[in-house]
Structure formats: structure tokens, C-alpha cells
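The residues making up each chain are set out below.
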Amino acid sequence: MSHPEPEKLIGKKFSQFTYYHTDERRPLIVTMRNVASREMLYCASSSGSHFDQRAKDLKEYTNVVEGIIANA
């Protein structure tokens, strides 16, 4: 309940979650951050102009992953 909301963060944004694993000998409770990489944001952007430009840029590469890394 105390994790900050990503839209209220200033600077680098992330979401948080609590990982809880029960173990008889050693339970594990950890707060973790989920941070999207530049490559993920490049792929996920869906604005019309970005979508068209991304499609054009990635056509130049035989390996789409290399294209994503180069353009992100």
C-alpha cells in the first residue's frame, strides 16, 4: 500500500511490487522495481507517426532485434 504511483514520480519512472515467497526455513519478502528498458518503450510506443517511422527504420535490418537495439 505504500508503493508510489508511477504517474506521480518525477524523473525515471518505475512501478513497484512486493514479492512474497513462503519457505519453512527462510521466508522471503522483497520490494522490487519494474523498470521498462529503452528498447521496450521503443517497441511499445503506438502513436501513429512513431509506428510508421519505426516500421520504416526496422525494414533496413535483416535481424529486427538488432534494429530495435540500434534505434531505441
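In case you missed it, the structure is sitting above this.
Caption draft 1: Structural view of the overall build of the protein chain. Of regular secondary structure, the protein chain possesses three helices and two strands. Each helix and strand of the protein chain, placed in order from N terminus to C terminus, yields the pattern β-β-α-α-α. Reported as C-alpha extents along the three principal axes, the dimensions of the protein chain are approximately 55 × 30 × 15 Å. Put simply, the protein chain has 72 residues, and 11% of those count as buried. Relative to all contacts within the protein chain whose residues are 6 or more apart in sequence, the contacts with residues 24 or more apart total 15%. Working note: accessible area of the protein chain is about 6300 Å², and carbon and sulfur atoms make up 55% of it.

Caption draft 2: View of the pattern of salt bridges. Going through the model one piece at a time under the given rule, you end up with one salt bridge. Between Glu 39 and Arg 38 there is a salt bridge; the shortest N-O distance is 3.9 Å. For Glu 39, a relative accessible area of 24% corresponds to the partly exposed category. For Arg 38, a relative accessible area of 58% corresponds to the exposed category.

Caption draft 3: Representation of the packing of aromatic side chains in the model. In total, this model carries zero aromatic pairs according to the counting rule given. The residue whose ring lies beneath Arg 33 is Phe 14, and the NZ or CZ to ring-centre distance is 3.9 Å.

Caption draft 4: Quick peek at helix 2 (residues 48-58). If you check which residues of helix 2 are buried, you get Arg 54, Asp 57 and Leu 58. One side of helix 2 holds all its buried residues, which, seen down the axis, span an arc of 85 degrees. Helix 2 presents Ser 49, Asp 52 and Lys 56 as exposed residues on the side facing more than 90 degrees away from its buried surface.

Caption draft 5: Layout of the pairing of strand 1 (residues 15-21). Relative to strand 2 (residues 28-34), strand 1 runs antiparallel, the two sharing seven bridges. Across the sheet, Tyr 19 pairs through a bridge with Val 30, a residue of strand 2.

Caption draft 6: Spatial organisation of the side chain of Arg 54. Tracing the backbone through its elements, the reader meets Arg 54 in helix 2. We note that Arg 54 is buried and unpaired, the nearest opposite charge coming from Asp 52 at a distance of 8.3 Å. Here Arg 54 is in contact with Tyr 42, Cys 43, Ala 44 and Ser 45, once residues within four sequence places are set aside.

Caption draft 7: The arrangement of the side chain of Asp 57 in detail. Mapping Asp 57 onto the fold places it in helix 2. The side chain of Asp 57 is buried and forms no salt bridge, while Lys 56, the nearest opposite charge, is found at 6.3 Å. Those residues in contact with Asp 57, other than ones at most four positions away along the chain, are Tyr 42 and Asn 71.

Criteria and thresholds
Residues numbered from 1 in each chain as written. Predicted model: local features only at pLDDT ≥ 70, side-chain atom pairs only at ≥ 80, totals over all residues. Heavy atoms only, no water. Helix = DSSP H or I, 4+ residues; strand = E, 2+ residues; numbered from the N terminus. Buried < 20%, exposed > 50% of the residue type's maximum accessible area, 1.4 Å probe, protein only. Contact = heavy atoms within 4.5 Å. Areas by Shrake-Rupley, 256 points an atom, 1.4 Å probe, with all protein chains shown as cover. Salt bridge = Lys/Arg side-chain N within 4 Å of Asp/Glu carboxyl O. Phe/Tyr/Trp six-rings, centres within 6.5 Å; stacked < 30°, edge-to-face > 60°. Lys NZ or Arg CZ within 6 Å of the ring centre and 35° of its normal. Arc of directions from axis to C-beta. Pairing = 2+ DSSP bridges. Lys, Arg positive; Asp, Glu negative; His and termini not counted.

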